[in-house]
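# Remarks on the overall topology
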Amino acid sequence: MTNFNEESIKRKAELQPNDLKKVVDYSVFSFDSTEHVEKLTNIIGQQRARSVMNFGLHVNKPGYNLYVAGTEGVGKTSFVTTVVQDFSKKEAKLFDWCYVNNFEDEYKPKVLKLPVGLGNQLKKSMEQLLNDLKVDIPNAFSENNRQKNRTSIIQKYKEKMDLVYKQTNEIATENGFILKQSDSTVATIPMGEDGQPITEEAYGALDDQQRAAIEENSAKLQEIILEATKTILHFEQELKKSLTGFDHQTAITTIDFHIDELKKDYKDCPEVVRYLKTVRKDLANNFQVFLPNPTKKDEKQLGNLFKDENQALNKYTINVLVDNSDTTGMPVITADNPTFYNLIGKVEYENRMGVMSTDFTKIKPGYLHDANGGYLLIQAKDIFSKSQAWEGLKRALLIHKLQIENIGEHASIIATASVNPDPIPLDVKIIIIGNMNIYQALYQHDEDFRKLFKIRVDFDVEMKYNQENIAGLISFIHTHCKKHGLRHFDPSAVAKIIEYSSRIAGDQRKLSTRFNLQVELIYEADAWASIMGDDLVSEVHIEKAIEEKRYRSNLYEEKIQASIDEGSILIDTDGGKIGQVNGLAVYNLGQYQFGKPSRITATTFMGKKGFVNIERESQLSGNTHNKGVYILGGYLGQKFAQKYPLVLTAHIAFEQSYGGVDGDSASSTELYAILSSLAEIPIDQGLAVTGSVNQNGEIQPIGGVNEKVEGFYNVCKNRGLTGKQGVLIPHQNVKNLMLNDEIIESVREGQFHIYKVRTIEEGIEILTGIAAGQPNELGEYDEDTVYGKVSEKLRMFMEFAKEQEK
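Just so you know, these numbers come straight off a predicted model, no measurement behind them. (Residues numbered from 1 in each chain as written. Predicted model: local features only at pLDDT ≥ 70, side-chain atom pairs only at ≥ 80, totals over all residues. Heavy atoms only, no water.)

## Some thoughts on helix H19 (residues 515-532)
Applicable threshold: Where helices and strands are cited, they refer to DSSP runs of H or I of at least four residues and of E of at least two residues respectively, numbered from the N terminus. Expected helix span is computed as 1.5 Å times (number of residues minus one). Three exposure classes are used, based on accessible area relative to the maximum for each residue type with a 1.4 Å probe and protein chains only: buried under 20%, partly exposed in between, and exposed over 50%.
Over its 18 residues, H19 extends 25 Å from the first C-alpha to the last, a length consistent with the 26 Å expected when each residue adds 1.5 Å. Every buried residue belonging to H19 is among Phe 515, Leu 517, Gln 518, Val 519, Leu 521, Ile 522, Glu 524, Ala 525, Asp 526, Trp 528 and Ala 529, and all of these are buried. Downstream of H19 by a residue or two, Gly 533 has a phi angle that is positive, lying close to 75 degrees.

Okay, here's the thing in structure tokens:
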């Protein structure tokens with residue numbers, strides 16, 4: 001004990017004010033405000049992401065789509081958009097895509113792959129063609145020459161039919177009959193001696209032989225009349241065919257003229273020429289649609305309920321699905337709402353009097369159509385929340401085609417009659433932006449994902465604290481202020497933002513890339529500058545914004561603090577207690593987290609149960625906390641059970657803990673409480689502890705160190721600072737300290753202390769003011785040390801146990 005000096009131990013472990021925060025000296029800045037700095041031209045930090053992204057964009061092979069992984073708020077979307085926009089400026093081979101009617105099967109529309117700009121041009125050409133035919137075909141049918149030729153054809157066949165009728169009439173006269181036309185029949189009437197039809201009285205005066213002769217001649221004459229009628233009907237059919245052929249030729253002459261003119265315009269595009277040939281054939285067979293219909297007025301009332309006057313011409317229109325005439329470089333499309341139909345495209349339906357109908361003109365494009373030949377950006381959280389969207393995207397990427405289909409058919413819903421358009425070849429690079437959890441789940445459970453997304457772009461939440469990144473952050477502030485019309489920031493405000501960035505990163509050597517949090521501070525500081533009537537944002541406004549943001553979120557923290565102050569939550573901040581230590585916990589409320597002390601107690605006594613974790617027995621302990629407790633047994637066994645077994649039962653509890661405990665950051669605290677209980681040496685209650693421990697007694701780093709230190713400081717401040725209070729933290733966490741200025745000032749004045757510890761031995765010496773002790777060559781400890789007293793207590797338990805066994 002003579003070599004132990006408590007003050008020396010504490011001085012060696014105590015941190016100085018300069019260790020507690022990375023302070024930015026704004027006097028080194030050469031600008032008066034961010035208005036006079038350069039604008040941001042590159043992404044700040046993320047060198048790895050930039051390199052991987054650049055490689056992924058250059059690989060133009062199947063399956064090399066990208067998944068961009070990172071924590072929310074690090075600027076993934078902005079980064080990806082900027083990089084892809086720059087990369088997409090290079091020359092691209094794009095096309096216009098159109099759907100046209102399939103004149104052989106209207107339910108299977110044809111797709112046209114056209115040079116850029118030709119889609120809308122063809123659409124206008126077809127519209128002009130229809131307008132021209134609406135005028136030229138009726139004109140062709142009303143021309144005098146056409147009417148003369150048509151009359152000539154009719155006259156020719158009329159003469160033939162008249163001749164047949166004349167010959168038949170002569171035969172009837174020779175046989176004593178007169179022919180009389182009645183609707184669709186020809187009647188034979190016997191003729192008297194005066195050449196007039198015989199009267200009923202005269203016919204009745206004839207004898208039976210005369211009447212029989214008349215009947216026989218009438219029957220023969222009917223056969224002749226039947227043959228004559230057939231001949232006339234044949235002439236009528238020939239007349240109709242001749243007139244139809246003449247009309248057809250008249251229309252064809254007009255149609256061919258316009259189609260041939262179009263072919264000249266599109267002679268360099270074989271797909272259009274082939275399409276125009278099918279149009280010409282269909283127009284020739286349906287030219288009547290361009291002619292006036294005298295019955296239209298009568299049919300209008302009923303007919304228009306199902307079919308408007310121009311619907312018959314819709315099949316000649318062009319459905320321009322994708323028009324790239326205004327696209328520069330490669331298309332870059334952001335899928336704001338990636339549902340199945342929004343991605344793949346769809347066929348719309350029209351309800352006419354309860355009847356659902358559709359055609360090729362109602363085919364609508366999806367994001368993949370617009371991005372074909374370029375890039376499609378999708379948020380993971382969006383596509384995986386939409387039914388069938390992910391399956392539809394995968395299917396398109398696997399077959400390299402865009403097939404518009406009815407999702408109802410896949411869902412086993414009753415199929416609706418629909419069109420089945422030709423698929424479109426797909427050449428697109430997909431970039432999904434999400435977090436690592438989604439990526440891992442997909443990689444483990446979706447074989448197609450591994451095939452299709454071979455490039456993962458990882459985003460870091462921090463970047464190096466260097467001049468390059470600091471300059472980038474300053475330019476970021478300038479660009480954001482200019483873009484959103486904010487007040488500019490003076491050097492003191494910039495310095496505070498840089499310090500805030502390090503605080504978010506949780507490392508004095510790093511800056512945070514979670515720019516959303518820094519943007520929030522920029523917005524709110526600007527608002528406070530406005531409220532205070534200042535033209536420039538200074539450190540006053542930054543500090544005010546941080547303070548007010550904390551105030552908006554710390555109601556729960558204040559409630560806990562009030563419970564501590566009034567004694568409802570038991571925390572001691574002075575004096576000494578055996579088996580009792582102040583542990584430090586972090587409460588996470590989403591956008592706000594804070595630290596508060598929690599009393600940890602341990603009781604030890606003879607027994608063989610070992611370590612009883614009361615939280616675990618109460619089902620309030622998480623797996624990580626359980627692991628930390630088990631480690632304690634390993635340490636004690638290694639230190640004190642080399643010559644005899646541990647005969648120990650130790651109960652460990654987080655007092656007044658009702659919501660569950662997890663994490664191993666309190667394992668060193670629990671070990672200190674056990675050692676204190678065994679040695680019966682009180683622990684200074686003015687000190688709080690955080691840090692995990694391994695089986696060798698080495699202190700390990702933890703998270704939330706700033707919040708934990710500040711939480712205990714606030715408790716001590718409310719109780720009254722004594723100058724002896726402080727916190728023990730792992731030595732590895734010193735680099736993570738970015739404490740508030742109030743604590744740093746308190747440390748500077750000697751009112752509060754922060755100690756770094758490397759081992760359990762160092763920690764127990766600071767907490768008790770007694771040497772931990774070192775084993776001699778026999779493995780025994782000095783009886784006046786902490787470990788000597790622990791060893792003696794454990795030996796006593798073992799001996800009592802042996803006595804009981806006897």
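## Section: the pattern of salt bridges
Close approach of charged atoms lets side chains of opposite charge pair. Heads up, the condition is: Every case where a carboxyl oxygen of Asp or Glu lies within 4 Å of a side-chain nitrogen of Lys or Arg is listed as a salt bridge.
By the definition in use, this model includes 34 salt bridges. Where Asp 507 meets Arg 509, a salt bridge forms, and the shortest distance between an N and an O atom there is 3.2 Å. The partner of Lys 717 in a salt bridge is Glu 742, with the nearest N and O atoms 3.1 Å apart. You can see Lys 717 sitting in helix H25 (residues 705-719) and its partner Glu 742 sitting in helix H26 (residues 741-748), a full 25 residues away along the chain. In this structure Lys 717 comes out as partly exposed when scored by relative accessible area, which is 35%. Glu 742 sits in the partly exposed class, given a relative accessible area of 40%. A single salt-bridge network, built from bridges that share partners, covers Lys 21, Lys 496, Glu 499, Glu 543 and Asp 741.

## With respect to the packing of aromatic side chains
Short version of the rule: Classification of ring pairs rests on two measures: the distance between centres of Phe, Tyr or Trp rings, Trp counted by its six-membered ring, which must be within 6.5 Å, and the angle between planes, read as stacked under 30 degrees, edge-to-face over 60 and tilted in between. As a reminder, the over-ring test applies to NZ of lysine and CZ of arginine, requiring each to be within 6 Å of the ring centre and within 35 degrees of the ring normal.
Following the criterion strictly, the structure yields 24 aromatic pairs and no others. Taking 6.0 Å as the distance between ring centres and 35 degrees as the angle between the ring planes, the aromatic pair formed by Trp 390 and Phe 453 counts as tilted. Residue Trp 390 is located in helix H13 (residues 389-399), and its partner Phe 453 is located in the loop between helix H16 (447-452) and strand S16 (455-458); the two are separated by 63 residues in the primary sequence. On the basis of relative accessibility, which here comes to 8%, the residue Trp 390 falls in the buried class. Aromatic ring contacts, followed pair by pair, group Tyr 67, Phe 384, Trp 390, Tyr 439, Tyr 443, Phe 449 and Phe 453 into a single cluster. Lying over the aromatic face of Phe 95, Lys 113 brings its terminal NZ or CZ to 4.3 Å of the ring centre. Lying over the aromatic face of Trp 528, Lys 544 brings its terminal NZ or CZ to 5.0 Å of the ring centre.

## Remarks on the environment of Ala 772
Selection criterion: Residue contacts follow a heavy-atom distance rule, with two residues in contact if any of their heavy atoms lie within 4.5 Å.
Looking at the element boundaries, Ala 772 is found in the loop between helix H27 (760-768) and helix H28 (786-805). When near neighbours in sequence (up to four residues on either side) are disregarded, Ala 772 contacts Glu 761, Ile 764, Glu 765, Thr 785, Val 786, Tyr 787 and Gly 788.

## Considerations on the sheet that holds strand S6 (residues 319-322)
For clarity, the threshold we go by: We treat two strands as partners when DSSP finds at least two bridges between them. Every angle, taken between N-to-C directions, lies between 0 and 180 degrees, and every axis is a line fitted to C-alpha atoms, over only the stretch in contact when it is a helix.
Taken in spatial order, the three strands of this open sheet run S3-S2-S6, and their pairing is antiparallel. Each edge of the open sheet is held by one strand with a lone partner, namely strand S3 (110-115) and S6. Each neighbouring strand pair of the sheet contributes to a mean axis angle of 35 degrees, computed without reference to strand direction. Sheet topology places strand S2 (residues 95-100) next to S6; three bridges connect them, and they run antiparallel. Each bridged residue has a counterpart across the sheet, and for Trp 97 the counterpart in S6 is Val 322.

## A closer look at the nonpolar core
Cut-off, in case you're wondering: Residues belong to one nonpolar core when they are buried, are Ala, Val, Leu, Ile, Met, Phe, Trp, Tyr or Cys, and are joined through side-chain atoms within 4.5 Å.
Residues Tyr 672, Leu 675 and Ile 760 are the most contacted members of the largest nonpolar core, which totals 43 residues. At the level of elements, strand S21 (593-605), helix H23 (623-640), strand S23 (649-654), helix H24 (667-679), strand S25 (687-689), strand S29 (753-757), H27 and H28 are the ones that each hand at least two residues to this core. Discounting chain neighbours no more than four positions away, the residues touching Leu 675 are Leu 636, Phe 640, Ile 760, Ile 764, Tyr 787 and Val 790. Formed by 40 residues, the second largest nonpolar core is a distinct cluster that contains Phe 340, Ile 363, Ala 380 and Leu 426.

## Section: the confidence of the model for the protein chain
To be explicit about the condition: Note on scores: pLDDT gives the predictor's confidence for each residue, bounded by 0 and 100.
Overall, the prediction assigns the protein chain a mean pLDDT of 84, with 84% of residues at 70 or greater. Averaged over each element, pLDDT in the protein chain is lowest for helix H9 (residues 296-303) (43) and highest for S29 (97). When the criterion is pLDDT under 50, residues 295-307 qualifies, and its contacts beyond four places in sequence or with other chains add up to 10 contacts.

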